[in-house]
Amino acid sequence: MARLAWAALAAAIVGSITTVLALDTVTTQRTSSLPKGIYVRTFEEPVVGSIVKFDAPPVFMEKMQESIEHATPDNKAGLQWWYDWFSTWPNGFMKHVAARAGDHVCVNDEGYFVRGERVGGTVEPGKWRGCRTLGSGEMAVVGEGESIDTRVFGPIPEHRVRTYRLLYRFQG
């Protein structure tokens, strides 16, 4: 009987871990785009200010592939590592929602603006540039500092995002 209880417990643990991984309910943030820590998925509708996670947009992956093709031998392995990392689910980007449908977004030589307010600095030439009002189902995201965000890959489809909250902030 004890053996059956242990088997049931083991099955429950494996099932729980599988569910957590399948739903991407707990994740970590280890870059400077957001506070480093443990984040939990909320399943809430994203609003401006929400933290969202999403797969790398296709335009970003295409630019990464081009960078790898033109990289020096010293840089090629590092770029390939990042490309492979971003290609593996559930890895992706975690950012704040900066704008949603109906909001006016501009990325130009003066910075990154949402509704006329500066939310970020400039990025190197060749990245996404322009001004437009976001359409239905679109959002713009922003990270802290000189982040890879809408300034690089443009607006993203809202259906691609998952909403999170910071559960535990890492020290240091």
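Residues numbered from 1 in each chain as written. Predicted model: local features only at pLDDT ≥ 70, side-chain atom pairs only at ≥ 80, totals over all residues. Heavy atoms only, no water.

### As for the state of the cysteines
Right, on to step 1. Summed over all chains, the structure comprises one disulfide.
Right, on to step 2. Bridging Cys 106 to Cys 131, the disulfide has an S-S length of 2.1 Å. Between Cys 106 and Cys 131, the disulfide has an S-S torsion of 125° and is therefore right-handed. Of this pair, Cys 106 sits in strand β5 (residues 104–108) while Cys 131 sits in strand β8 (residues 130–133), and the two are 25 residues apart along the sequence. (Disulfide = S-S within 2.5 Å. Helix = DSSP H or I, 4+ residues; strand = E, 2+ residues; numbered from the N terminus.)

### Section: the confidence of the model for the protein
Regions with low pLDDT should not have their predicted coordinates read in detail.
Right, on to step 1. Per-residue confidence for the protein averages 85 on the pLDDT scale, and 85% of its residues sit at or above 70.
Right, on to step 2. Least confident of the elements in the protein is helix α1 (residues 2–23), whose mean pLDDT is 51; most confident is strand β9 (residues 138–142), at 96.
Right, on to step 3. Long-range and interchain partners of residues 14–21, a stretch whose pLDDT sits below 50, account for three contacts in this model, where long-range means more than four residues apart. (pLDDT = per-residue confidence, 0-100. Contact = heavy atoms within 4.5 Å.)

### Examining the nonpolar core
Right, on to step 1. Counting 15 residues, the largest nonpolar core has Phe 54, Phe 60, Phe 93, Val 141, Phe 153 and Ile 156 as its most contacted members.
Right, on to step 2. Among the secondary structure elements, those contributing two or more residues to this core are β3 (51–54), α2 (58–69), β4 (93–100), β9 and α4 (150–153).
Right, on to step 3. In terms of residue count, α2 provides more of this core than any other element does, three residues in total.
Right, on to step 4. Phe 153 has contacts with Phe 54, Pro 57, Val 59, Phe 60, Phe 93, Trp 128, Val 141 and Ile 148, leaving out every residue within four places of it along the chain. (Core = buried A, V, L, I, M, F, W, Y, C linked by side-chain atoms within 4.5 Å. Buried < 20%, exposed > 50% of the residue type's maximum accessible area, 1.4 Å probe, protein only.)

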